[in-house]
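# Structural features, examined
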Amino acid sequence: MKEGFRQSMAWLHTWSGLLVGWILFLIFAAGTSAYFREEISLWMKPELHQAPQATSLSQAQAADVAQQFMQTHAQGSNRWTITLPGEREPVISAFWPVPQAQQATPAPAGERRRQRFENATIDPATGERIAAPRQTRGGDFFYRLHFDLHYMPALWARWIVGFCAMFMLVAIVSGIVTHKRIFKDFFTFRPKKGQRSWLDAHNATAVLALPYHLMITYTGLVTLMFMYMPWGPQLAYKGDQQAFFSEVFPNGSRASLKPSGTPAPLVPLSGLVKQASDAWDGQPVLRVTVSNPGDANATIAVSQDNTRGVSSKQASMLFNGTTGELLERRGEALAPAAETHGVLYGLHIGRFANPFVRWLFFLSGLAGTVMVATGLLLWAVKERQKFAKGGRIGFGLRLVDGLNVAAVAGLPLAMAVFFWANRLIPASTAERSPLEITCFFAAWGVAAVAGIAWPARRMWQIQLAIGGLLFALLPVLNPLTGGAGLWTTIPQARWAIAGFDLTVLLLGLALLACAWWIGKRKAARQPAARATAAAPSRSANASPPAATEPGLVTARNPLNPSGATP
Amino acid sequence: MSPLHITLALSSCVAAFASLGLAMDRHYEDSYGRGKEPAARTRQAFRLIGTAGLLLSLWACVAAVGASQGWVFWFGVMTVSALAVVLLLSYAPRRTMRVLQGGAALALASGAWAALAR
C-alpha cells in the first residue's frame, strides 16, 4: 500500500512538474534576476554610470532639492512622485504626469488620450537633471515578465502564472514524498553516470534549497492571493475595494482630493521628511508623493523604507500640503493577519535583504532554475530509455526535447540578446524600449523554432555556446558603448555595476562550460557507441543517453544511440 | 551586518555540513578509502560537531541581523554551504577533513573575535 502511494506521488510529481515546467523555468529565471532589478536597470542606462556614487546630503535636504527642481520643471502637474536617495540609489528620481495643456499633439478625435509621464533623475548635489538616460525598461522588464508575461493582458498572465505556481507547489510536496532518501542522499552527487547524475543534480538543487523553493512558491501565490481568491475581503469590506487595499498596502497610492483652484504655496518637504523619519525611529524615507502641488488642497504622502523587519508593509504618513499638519498615519501596529501577509509578501520580494542576503536569495533562485531545468531534462532522459532498444522516437519525447532546448538554452540566449540590444540600439531611437523587448522575443522565437525543429545535441551546443558568448562578452561591450568598465568600477568599488559585469561573465562561462561538456560527452561516446554497436541493448544500459539525443537520427540508426555518424 | 558575522555564519556552516557528511558511510569511504568505516565514537563526534556548527551558524545569523531576518539569512547560508559541500564530497572527497578543520578554525577565530568585540 505504501509503495502504491509513493508510486502515485511519483506519477503526480512527474506530470505536475513537466506540464508547466517550461513556464516555471521562465518564472524562475526572470524572477531570480529581479533580485537585482535596480542593478540591471542601472547597467542598462550607461548614461548614469558616471552619476555620483554617494550623497553627503541628508534625505531631508535632498527632499528640498527635489522640491525646487519640481517647482521649475513640473509646473502644473497634479502629482509628483519623488524617490529619495537611499542605500541602493544615490540619486533622486522623480516622475510626474504631464498636464494635458502642455502636451504637444492633441488627442485624435474619439480616442481616449493616454496619460503621458515625464521622469527625471536628479543629482542631489547640484539639483540638476542628470543627462536623461536612454529609454529602457531595464530590470523591470524581467520583473514584470515573471508574473505578467508579455503580449497578453496582465490578468490572464497572472492566472496562468498562479496556475503554474499551484502545480509547482504540488510538484514540491509530491517530490518530497517520492524522494525516499532525502537524508541518506543529502550530499550525494555522482557525476558521469547518465540518468543517475541528472537525478542527483535535480535532488541536490531541490533538497538543499527546499526552504527557499517552498517559501518562494507559496509566497508567490500570496502576492496575488486577492486576485485569486477575492471573496473574503469582498464580503468583509462589503465591496469597498479601495478601503481594503489601503489597509493591505499602507504605502499604496491614495485617492487624492480634487484641486480647489485656489493657489497656495507648498510647505518645505524637508520638515515633513524629518518628522516622519523621527516618528519611525530613524527609519529612512523611500518616497514622497505630492498631490495637487501649489493648490490649497495639496496633500503630501511620505512612505517608509523599511530596512529592519522582513515585512513588506511600509508605514506611511499623510500631511496637509499647505500647513504641514499630520492628517493620517498608516501601516503601524498592524493586526496579526496583516502582519502575516506583510511578512509573506516581504519574503517573496526580498526588499529587506542587505547585499549579502540578496546574493543568497539570488543563488537559491539559481538553484531553483537549475532544479526546473534538470527536472525537465530528466524526463527526456528517462523517456528515451524506452526507445534505446531501437523503437521509433515518439512525438511526445520529440516535443519535450524541442521545448527543453527552447526554454533551457533559448531563454538565456534571449536574455543576453536583450542586454546586447540595449547597448546596440542607438539611444535616441524613438520607441526604444519596446524595440529592446521585440529583440528579446525575436531571439527567443528563433531559438525556440530552431530547437523544436531540430532538437539535437548539436542544437544544444550551438544555443548554449551563443548564449554563453553573448553573456561573457557583456563586460567588454559595456565600456565600448558608454558604460563604466570593470577596470574603473572595481577600483572605485562601484559594486552595483561591477557586480552585474562579473555575474554575467560567470553565467556566460557556465553556459560555455555546458556547451563544451556536451561536446566532450559526444566525443567520448563516439568510440564507445561503435564498440558496443553489436550489442545495442547493452550499450544503452552502459551509457544511458544524457541531455538530449537527436530523435530522428536515433530512429534512423537504432544501433547508434549517440546519434553520431561512425 | 558585519563581514565577521558573515564569515562566522558561512565557515561554521560549511564545517558543520562537512562533518555531517563524514558521519555518513558513503562519504567517509570516499574520503578515506574503500571499506573504511568510522568508529562509533568518531561518528558521534562528527554528528556532534555538525550540530554544534549549525547552531553556531544560526547564532551568528541572528546576531547579525536580528531574529526575523536572521532565520531567512540562516536558511540561505545553509543552502549555499550545503551545495558547496556536495561539490566538495563529489569532486575532492579527500580534502573533506581539511575543509572541516579549516572551516572550524575560521569559525572559532571569528567567533572569538565577535564575542570579544561585543
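Residues numbered from 1 in each chain as written. Chains lettered and ligands numbered in written order. Predicted model: local features only at pLDDT ≥ 70, side-chain atom pairs only at ≥ 80, totals over all residues.

## Considerations on the overall build of chain B
Looking only at helices and strands, chain B features four helices and zero strands. The secondary structure elements of chain B, listed N-terminal to C-terminal, are α-α-α-α. In terms of overall dimensions, chain B is globule-like: its C-alpha atoms have a radius of gyration of 14 Å, near the 13 Å expected for 118 residues. Projected onto the principal axes, the alpha-carbon positions of chain B cover approximately 45 × 25 × 20 Å. When the 118 residues of chain B are sorted by exposure, 48% land in the buried category. Long-range pairs, those at least 24 residues apart, make up 77% of the contacts in chain B between residues at least 6 apart in sequence. (Helix = DSSP H or I, 4+ residues; strand = E, 2+ residues; numbered from the N terminus. Rg over C-alpha atoms; globule rule 2.2 N^0.38 Å. Buried ≥ 20, exposed ≤ 12 C-beta atoms within 10 Å, placed from the backbone. Contact = placed C-beta atoms within 7 Å.)

## Structural notes on the overall build of chain A
Within chain A, the secondary structure is distributed over 21 helices and seven strands. The buried share among the 566 residues of chain A stands at 42%. Residue pairs in contact within chain A that sit at least 24 positions apart in sequence constitute 71% of those at least 6 positions apart.

## Observations regarding the sheet that holds strand 7 (residues 326–330) of chain A
Residue and element names in this part refer to chain A. A sheet is described by the order of its strands in space; here seven strands give the open sequence 3-2-1-4-5-6-7, paired in antiparallel fashion. Here the strands that pair on one side only, and so sit at the sheet edges, are strand 3 (117–122) and strand 7. Adjacent strand axes in the sheet meet at a mean angle of 15° when their direction is disregarded. Sheet topology note: the strand 5 (residues 299–304)/strand 6 (residues 316–320) ladder contains five bridges and is antiparallel. The residue bridging Thr299 from the neighbouring strand is Asn320, located in strand 6. Here helix 3 (residues 59–73) sits on the sheet in contact with strand 1 (79–83), strand 2 (92–97), strand 3 and strand 4 (285–291), set at roughly 35° to strand 2. (Pairing = 2+ DSSP bridges. Axes fitted to C-alpha atoms, helices over the stretch in contact; angles between N-to-C directions.)

## Looking at the interface of chain B and chain A
Between chain B and chain A, the residue contacts involve 19 residues of the former and 20 residues of the latter. At the level of elements, helix 1 (3–22) and helix 3 (40–91) of chain B are the ones that each hand at least two residues to the side of chain B that touches chain A. Broken down by element, the residue count for the side of chain B that touches chain A peaks at 15 residues, all from helix 3 of chain B. Within the side of chain B that touches chain A, the residues separate by chemical class into twelve nonpolar, seven polar and no charged. (Nonpolar A, V, L, I, M, F, W, Y, C, P; charged D, E, K, R; others polar.)

## Some words on the packing of helix 6 (residues 195–208) of chain A against helix 13 (residues 355–385) of chain A
All names here are of chain A. Contact pair helix 6 / helix 13: the axes reach a minimum separation of 8 Å and the direction vectors enclose 150°. The pairing of helix 6 with helix 13 is recorded here as roughly antiparallel in orientation. Considering the relative orientation of helix 6 and helix 13, their crossing is left-handed. Contacts from Gln195, Trp198, Leu199, Ala201, His202, Thr205, Ala206 and Leu208 in helix 6 reach Ala367, Val370, Met371, Thr374, Gly375, Leu377, Leu378, Val381 and Lys382 in helix 13. Here the contact of helix 6 with helix 13 is built from residues that sort into eleven nonpolar, five polar and one charged. (Parallel < 35°, antiparallel > 145°, perpendicular 65-115°, else oblique. Left-handed = near helix turned anticlockwise from the far one by under 90°.)

## Describing the pairing of strand 4 of chain A
Residues and elements named next belong to chain A. Of all seven residues in strand 4, five are buried, a share of seventy percent or more. Inspection of the sheet shows strand 1 paired to strand 4 by five bridges, in the antiparallel sense. From the neighbouring strand, Thr81 faces strand 4, where its bridge partner is Thr289. Note: strand 4 against strand 5, six bridges, orientation antiparallel.

## Topic: unusual backbone geometry
Residue and element names in this part refer to chain A. Not every positive phi belongs to a glycine, and Tyr151 is a case in point at roughly 60°. C-beta crowding within 10 Å serves as the criterion here: with 7 such atoms nearby, Tyr151 is assigned to the exposed category. Unlike most non-glycine residues, Asp281 shows phi in positive territory, near 65°. As for its placement among the helices and strands, Asp281 is situated in the loop between helix 11 (269–279) and strand 4. Overall, the presence of 7 C-beta atoms within 10 Å leaves Asp281 in the exposed class.

## Things to note about the nonpolar core
By size, the foremost hydrophobic cluster in this structure holds 138 residues, and its most contacted members are Phe25(A), Ala414(A) and Val77(B). If you count residues domain by domain, this core takes at least three from each of domain 1 (2–40 + 152–208 + 354–556) and domain 2 (54–102 + 114–129 + 251–352) of chain A. Filtering out sequence-adjacent residues up to four positions away, Val77(B) remains in contact with Leu360(A), Ala9(B), Leu10(B), Cys13(B), Ser57(B) and Cys61(B). The next biggest cluster of nonpolar side chains, apart from the first, holds 31 residues, and it includes Phe69(A), Val91(A), Leu269(A) and Val290(A). (Core = buried A, V, L, I, M, F, W, Y, C linked by C-beta atoms within 7 Å. Domains from an automatic or database assignment.)

## Digging into the domain arrangement of chain A
The domains assigned to chain A are domain 1 (2–40 + 152–208 + 354–556) and domain 2 (54–102 + 114–129 + 251–352). Once you take the C-alpha centre of each, domain 1 of chain A and domain 2 of chain A turn out to be 41 Å apart.

## Details of helix 15 (residues 432–453) of chain A
Residues and elements named next belong to chain A. Look at helix 15: 31 Å from first C-alpha to last across 22 residues, which is about the 32 Å you get at 1.5 Å a residue. Taken together, the buried positions of helix 15 are Glu436, Phe440, Ala443, Trp444, Ala447, Ala448 and Gly451. Here the buried residues of helix 15 occupy an arc of 130° about the axis, which is enough to place them on one side. Away from its buried face, by an angle of more than 90 degrees, helix 15 presents the exposed residues Pro434 and Ala453. Residues of helix 15 that are buried make contact with helix 14 (395–424) and helix 16 (457–472). (Expected span 1.5 Å × (residues − 1). Arc of directions from axis to C-beta.)

## Some words on the packing of helix 14 of chain A against helix 15 of chain A
Residues and elements named next belong to chain A. It is the contact of helix 14 with helix 15, at a shortest axis distance of 8 Å, that shows an interaxial angle of 155°. With respect to helix 15, the element helix 14 is oriented roughly antiparallel. Considering only the axes of helix 14 and helix 15, their crossing is right-handed.

## Digging into the pairing of strand 2 of chain A
Residues and elements named next belong to chain A. Burial along strand 2 is one-sided: the residues Ile92, Ala94 and Trp96 are buried and none of Ser93, Phe95 and Pro97 is. The pairing of strand 1 with strand 2 spans three bridges and is antiparallel. By the bridge assignment for strand 2, Ile82 is matched with Ala94.

## Focus on the confidence of the model for chain B
Residues at a pLDDT of 70 or more form 99% of chain B, whose mean pLDDT is 93. Scoring the predicted complex yields pTM 0.87 and, for the interface, ipTM 0.94. (pLDDT = per-residue confidence, 0-100.)

## Some points on the environment of Leu363(A)
Within the element layout of this structure, Leu363(A) appears in helix 13. In this structure, the C-alpha to C-alpha distance between Leu363(A) and Thr32(A), residues 331 residues apart in sequence, is 8.4 Å.

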